[in-house]
Protein chains: 2
Amino acid sequence: MNHRQDVHTSEVPVLCVACEARLRGVCGALDADQLMALSKTSTKKRLETGAELVGDAEIIDGYANILSGVVKLIKGLPDGREQIVGLQFAPDFLGRPFQAESAVSAQAATNVVLCSFPKRTLEALIKQSPQLEHSLLKQALRELDEARDWMLTLGRKNALERVASYLLLIANYIDPALQPQSEVIAFDLPMSRLEIADFLGLTIETVSRQLTKLRVDGVIQVRQSRHIVVNNPARLKTFSGC
Amino acid sequence: MNHRQDVHTSEVPVLCVACEARLRGVCGALDADQLMALSKTSTKKRLETGAELVGDAEIIDGYANILSGVVKLIKGLPDGREQIVGLQFAPDFLGRPFQAESAVSAQAATNVVLCSFPKRTLEALIKQSPQLEHSLLKQALRELDEARDWMLTLGRKNALERVASYLLLIANYIDPALQPQSEVIAFDLPMSRLEIADFLGLTIETVSRQLTKLRVDGVIQVRQSRHIVVNNPARLKTFSGC
DNA sequence: GCTAGAAATTGATCTCGATCAAATCTTCGA
DNA sequence: TCGAAGATTTGATCGAGATCAATTTCTAGC
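The rules behind these values
Residues numbered from 1 in each chain as written. Chains lettered and ligands numbered in written order. Predicted model: local features only at pLDDT ≥ 70, side-chain atom pairs only at ≥ 80, totals over all residues. Heavy atoms only, no water. Contact = heavy atoms within 4.5 Å. Buried area = accessible area lost by both parts, 1.4 Å probe. Salt bridge = Lys/Arg side-chain N within 4 Å of Asp/Glu carboxyl O. Polar contact = N/O pair within 3.5 Å; in protein donor to acceptor, adjacent residues only side chain to side chain. Least-squares fit on C-alpha atoms with pLDDT ≥ 70 in both. Near = heavy atom within 4 Å. Helix = DSSP H or I, 4+ residues; strand = E, 2+ residues; numbered from the N terminus. Nonpolar A, V, L, I, M, F, W, Y, C, P; charged D, E, K, R; others polar. Pairing = 2+ DSSP bridges. Axes fitted to C-alpha atoms, helices over the stretch in contact; angles between N-to-C directions. Parallel < 35°, antiparallel > 145°, perpendicular 65-115°, else oblique.

K.L.:
Where do I start with the interface of chain B and chain A in this structure?
P.N.:
Many authors give the size of an interface as the accessible area that is lost as the parts come together. The partner chain A presents 45 residues to the 45 residues of chain B that form the contact. It is R148(B), M151(B) and R156(B) in chain B that bury the most area against chain A; as a group they hold 20% of the surface buried on that side. In this structure, the connection of chain B to chain A is made through eight salt bridges. For D149(B), the salt bridge is made with K75(A), and the minimal N-O distance between the two is 2.6 Å. Taken together, chain B and chain A are joined by 18 residue pairs in polar contact (both at pLDDT 80 or more).

Put into structure tokens, the structure is as follows:
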């Protein structure tokens, strides 16, 4: 990916060359000097699928911007049950400001490339820059909206509606301009059936059965497990309960 | 309630006399002049149980600090299914900055007293005061943590665990110092069985049965539906799945 | 391409919570 | 205090999704 034509990147070449970032997110709020300072301490990291992002050597005690890939936020119960409580895509900001440790753990759902910042550097910048805090607030409010949307899905939708909602969520990330009356849309799922189940509060068998149901109904096609073709986005939406 | 002895209120008498607020929340971030300005446009409102906080004459297009009572945030599906996606207690800040309208509706779960601010006034203050934005960010992050906790409950806990978690949530609000090894704790539920069910993603019958189960097990006592005595908080916690 | 191991699907059965129904409790105005 | 309406509890039954088990499909290494 090359985003040097981008407005932001053209203003802040040092960090962007380092990060290859689109910087729609948090970094966009910084001025050139601040970005320059940040770029000196930031490091680019490549994580394999399944890598833990906190608690080990990856981005301990720090923050990061996702450059590519999907990160899942997980909460677990003592007996091993797990729930994915959030998905983060590029160019989301990652990390929990103003708190020693987050109550959630983060893990790479796909291969992930991110730009990591030391906790102190970024927190110092936050104090300097109200703009940066504003960006963080906007992202936090967006994540809050997403979490509450998902609470409705987890609390009140049946299995078929959950799976349909999930496909629409991913489709919408792949193509944010997706309209109900859109044409066919195709994409690769960034998660395994187990991860989807942990996101939907279901089991893998139930996820599989609902996908089969949608496939038999002609709403979607499934190729090699991960590749999905949505034949009829409008009809998929009617299955989602919304 | 009279909080004039409180540190914050003694610094900012005008708004506090008007609001009787403890101001642990957002307003605490403002200096005396800003609070004075805010107090001139703020109004104190008393809402009956069930009153809608948005979309009608209550706090249209505005923000508010809850002074007493409990507000529920609700999301619904077209077919009438509802999920409570958040509970807000005094002195929480209420309202969704930087967005024309929130995707959730808010309703008084109990009688509520709140201090309401016009949208423009508060947004102007936010621009002036990084401190205020910082407070908003802190509350947004706290609400995000709470929402994600609840996603785990909705996605992965069974009915008994959900009800136990709910009782602990309320008990913890009533007495934030509550420790696992605490003594007996008693409180009145601020919500009906239907509201509890809508919060837990269950039906009223299931909520009732789980309460009966906890009562028969001697973990709690229930008096006149709403009054709960937790005989054994530690044991209740073991029922909560955490 | 071939093969082993992992991932996903499909099948059979069971269980928890939903649903429908009835009884009891609580509240509140007359 | 009485009585009616609403809220809650309890009972009986049903069904969606979990669980356990067996195939089938996919993937990665050779």
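K.L.:
Explain the relation of the copies chain B and chain A to me, please; I cannot follow it from the model alone.
P.N.:
Copy one and copy two of the chain differ by a rotation about a common axis and a shift along it. When chain B is brought onto chain A, the operation consists of a screw motion whose angular component is 180° and whose axial shift is 0.0 Å, with 0.0 Å RMSD remaining. The transformation just described matches what one would write down for a two-fold rotation axis.

K.L.:
How do you make sense of the protein's contact with DNA strand C when you look at a structure like this?
P.N.:
In the region of DNA strand C, 17 residues are neighbours, and R193(A), S208(A), T212(A), A159(B) and T206(B) sit closest. For DNA strand C, the backbone makes up 70% of the atoms found within 4 Å of the protein, where backbone means sugar plus phosphate. Between DNA strand C and the protein, one listed contact pairs a phosphate oxygen with a backbone N or O atom of A159(B) at 2.7 Å. Between a base oxygen of DNA strand C and a side-chain N or O atom of R209(B), the distance comes to 2.9 Å. Where the surface near DNA strand C is concerned, the elements lending two or more residues are helix 8 (204-216) of chain A together with helix 8 (204-216) of chain B. When residues in the surface near DNA strand C are grouped by element, the largest group, five residues, is from helix 8 of chain A. Looking at side-chain class alone, the surface near DNA strand C contains two nonpolar, nine polar and six charged residues.

K.L.:
Could you clarify how one ought to interpret the pairing of strand 10 (residues 227-230) of chain A in this entry?
P.N.:
Each regular strand shows side chains that alternate between the opposite faces of the sheet. All names here are of chain A. As paired strands, strand 8 (residues 185-188) and strand 10 are joined by four bridges and run antiparallel to one another. Residue I185 lies in a different strand from strand 10, and its bridge partner there is V230. In this sheet, strand 10 lies alongside strand 9 (residues 220-223) in antiparallel orientation, the contact comprising four bridges. Residue R223 lies in a different strand from strand 10, and its bridge partner there is H227. Hairpin connection between strand 9 and strand 10: a loop of three residues separates the two successive antiparallel strands, and Q224 in this loop has a positive phi of roughly 55°.

K.L.:
Can you walk me through the sheet that holds strand 6 (residues 105-108) of chain B in this structure?
P.N.:
Sheet strands pair by backbone hydrogen bonding; their relative direction is either parallel or antiparallel. Residues and elements named next belong to chain B. Within the open sheet, the three strands sit side by side as 4-3-6. Their pairing is antiparallel. Edge positions in the sheet fall to strand 4 (82-89) and strand 6, since each has one partner strand and no second. Taking the axes of each pair of neighbouring strands and ignoring which way they run, one obtains an average angle of 30° across the sheet. Here strand 3 (residues 70-76) pairs with strand 6 via four bridges, running antiparallel. Bridge pairing in strand 6 places I74 opposite S105.

K.L.:
What's the story with the packing of helix 7 (residues 193-200) of chain A against helix 8 of chain A in this structure? I'm lost.
P.N.:
Residue and element names in this part refer to chain A. Between helix 7 and helix 8, whose axes approach to 8 Å, the crossing angle comes to 100°. Between helix 7 and helix 8, the angle falls in the class roughly perpendicular. Side by side, helix 7 and helix 8 meet where R193, L194, I196, A197 and L200 of the first sit next to I204, V207 and L211 of the second. Among the residues making up the contact of helix 7 with helix 8, the classes are represented as seven nonpolar, no polar and one charged.

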